[in-house]
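What follows is each chain in one-letter form.
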Amino acid sequence: MKRRFLLLISVVAMSAAMAVTTQAAEQRTIQVTGTSSEEVAPDCVKLEVCLKEYADSGRVSIDKVEEEFFAQLKALGISGDKIKKTDVRGMRGVPPFRADMRRDVAFKRPAIRAGAFQRHVKDSSAIRRRAPRFRDQRRAYEVTLNDFSMVDKIKKALDRRMVGNIDVTDISSSKLDEYRSEVRAGALAKAADGARDIAETAGVKLGDVVCVVVHPDQRHDKADCKQGVIKLRSSVTATFAIK
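These figures come from a predicted structure and were not determined experimentally.

Reading the values: the criteria
Counting starts from 1 at the beginning of each chain's written sequence and moves along it residue by residue. Residue-level local features of this predicted model are given only where pLDDT is at least 70; pairs of side-chain atoms are given and counted only at 80 or more, and the full residue set underlies all totals for whole chains, interfaces and linings. Side-chain descriptors were evaluated using all non-hydrogen atoms of the structure, hydrogens and water having been removed beforehand. Take a side-chain nitrogen of Lys or Arg and a carboxyl oxygen of Asp or Glu: if they are within 4 Å of each other, that pair is a salt bridge. A run of H or I in DSSP counts as a helix once it spans at least four residues, and a run of E counts as a strand once it spans at least two, with each numbered from the N terminus. For every residue, the predictor reports its confidence as pLDDT, a number between 0 and 100. What makes two residues a contact is simply this: any of their non-hydrogen atoms within 4.5 Å. The cut-offs for exposure are 20% and 50% of the maximum accessible area for each residue type, with area from a 1.4 Å probe on protein chains only; residues under the lower value are buried, those over the upper are exposed, and the others partly exposed. For two strands to pair, DSSP has to find at least two bridges joining them. Nonpolar core, defined: a set of buried Ala, Val, Leu, Ile, Met, Phe, Trp, Tyr and Cys residues in which side-chain atoms within 4.5 Å join the residues together. Interaxial angles span 0 to 180 degrees and are taken between N-to-C directions of axes, which are lines fitted to C-alpha atoms, for helices over the stretch in contact. Here a helix's expected span is defined as the number of its residues, less one, multiplied by 1.5 Å. Note that the arc is defined by the directions from the helix axis to the C-beta atoms.

## A word on the pattern of salt bridges
Then step 1. Taken as a whole and assessed by the stated rule, the structure comprises seven salt bridges.
Then step 2. As a salt-bridge pair, Glu66 and Arg139 come within 2.9 Å of each other at their nearest N and O atoms. Note that Glu66 is positioned in helix 2 (residues 62-75) and Arg139 in strand 6 (residues 138-145), a separation of 73 residues in sequence.
Then step 3. Here Glu142 ties to Lys84 by a salt bridge, and the two come within 3.5 Å at their closest N and O atoms. With Glu142 in strand 6 and Lys84 in strand 5 (residues 83-86), this pair connects stretches of sequence that are 58 residues apart.

Take a look at the structure:
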């Protein structure tokens, strides 16, 4: 009795599945994928500036460099609350001449004779007299800007000798969600236009939307810090019924 009951349930389930499959097969549809992209301007730009000491008929201290840096930013209309001190990355100061160089060279390169080493030290001393070299002190700051065009203005305003490096580390927009919705709507509109063209070519009438699939892997934002734009892209697959 139990075996008959299970067999009956199996037959009913198979019949229902066949009915659904037949119904789906009878429904004619058109499936089209639409893609849309847009480049938006950021309204929040993070600019990292690394200041360093430099030689100009003497040693210009980091305090003097910092004072000049703040003065230049103030002249450009950038307030102090937009400037934040950060950690220095990638110290590339020139190391001072080591007093124990003779010992190091003798240990690592025993083939160098004393006469050659003396000439090397003499030449090095002459170079240092012509261009003073020292381990420069550095300080880094992060400047928050509302307009990417200010990056070039800051680069032109600052003395190149006082800048170790200057880079845009991040760009973003407070309206990203709004822009994403617009790009997604554009992708769906392109899918609908493609479906209409196919239906017109096939000589059929397009019905309502049956299913819409948004591909999340195609909607990753790409921030181009060099160009100062945020690239948005959306891909949507829409299925339309045929009347």
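Don't stop here, the text continues.
## What to know about the confidence of the model for the protein
Then step 1. Of all residues in the protein, 68% have pLDDT values of 70 or greater, and the mean over the chain is 77.
Then step 2. The secondary structure element of the protein with the lowest average pLDDT is helix 3 (residues 101-108), at 40, and the one with the highest is strand 2 (residues 44-52), at 95.
Then step 3. Note that pLDDT drops below 50 for residues 1-25; the model gives that stretch zero contacts with residues more than four away or on any other chain.
Then step 4. Across residues 91-112, where pLDDT falls below 50, the model places 23 contacts with residues more than four positions away in sequence or in other chains.

## Some words on the pairing of strand 6
Consecutive side chains of a regular strand alternate in pointing toward one face of the sheet and then the other.
Then step 1. When you tally the buried positions in strand 6, you get seven out of eight residues, the bulk of the element.
Then step 2. Across eight bridges, strand 2 lies against strand 6 in antiparallel orientation. Following the sheet pairing, Leu47 is matched in strand 6 by Val143.
Then step 3. Of the pairings in the sheet, the one linking strand 5 to strand 6 comprises four bridges and is antiparallel in character. By the bridge assignment, Lys85 is partnered in strand 6 with Tyr141.

## Focus: the environment of Val183
Then step 1. With respect to the element layout, Val183 can be found in helix 6 (residues 176-202).
Then step 2. Residue class for Val183 comes out buried when judged on its relative accessible area of 2%.
Then step 3. Residues Val183 and Glu39 lie 144 residues apart in sequence; the distance between their C-alpha atoms is 10.0 Å.

## Here we look at the nonpolar core
Then step 1. In this structure, Leu47, Phe69 and Leu145 are the most contacted members of the largest nonpolar core, which totals 31 residues.
Then step 2. Setting aside residues no more than four positions away along its own chain, Phe69 makes contact with Val49, Leu51, Ile83, Tyr141, Val143, Leu158 and Met162.

## Observations regarding the sheet that holds strand 7 (residues 163-172)
Then step 1. Taking strand neighbours across the sheet as the criterion, the four strands line up as 5-6-2-7 in an open arrangement whose pairing is antiparallel. Of all the strands in the sheet, the pair left with one neighbour each is strand 5 and strand 7. With direction set aside, neighbouring strand axes in the sheet form an average angle of 25°.
Then step 2. Lying over the sheet, helix 2 contacts strand 2, strand 5 and strand 6, oriented at roughly 10° with respect to strand 6.

## Comments concerning helix 2
Then step 1. Between the first and last C-alpha of helix 2 there are 20 Å, a value that for 14 residues agrees with the 20 Å anticipated at 1.5 Å per step.
Then step 2. Looking at helix 2, one finds that the buried residues are Ile62, Val65, Glu66, Phe69 and Leu73. What you see down the axis of helix 2 is that its buried residues fit within an arc of 100°, all on one side. Exposed and facing more than 90 degrees away from the buried side of helix 2 are Glu67, Lys74 and Ala75.
Then step 3. In this structure, the buried residues of helix 2 make contact with strand 2, strand 3 (54-55), strand 4 (59-60), strand 5, strand 6 and helix 5 (150-157).

## Comments concerning helix 5
Then step 1. The complete set of buried residues in helix 5 reads Met150, Val151 and Ile154. Summarising the axial view, the buried residues of helix 5 lie within an arc of 105°, below the 170-degree limit, and thus occupy one face.
Then step 2. Against the buried residues of helix 5 lie strand 2, helix 2, strand 6 and strand 7.

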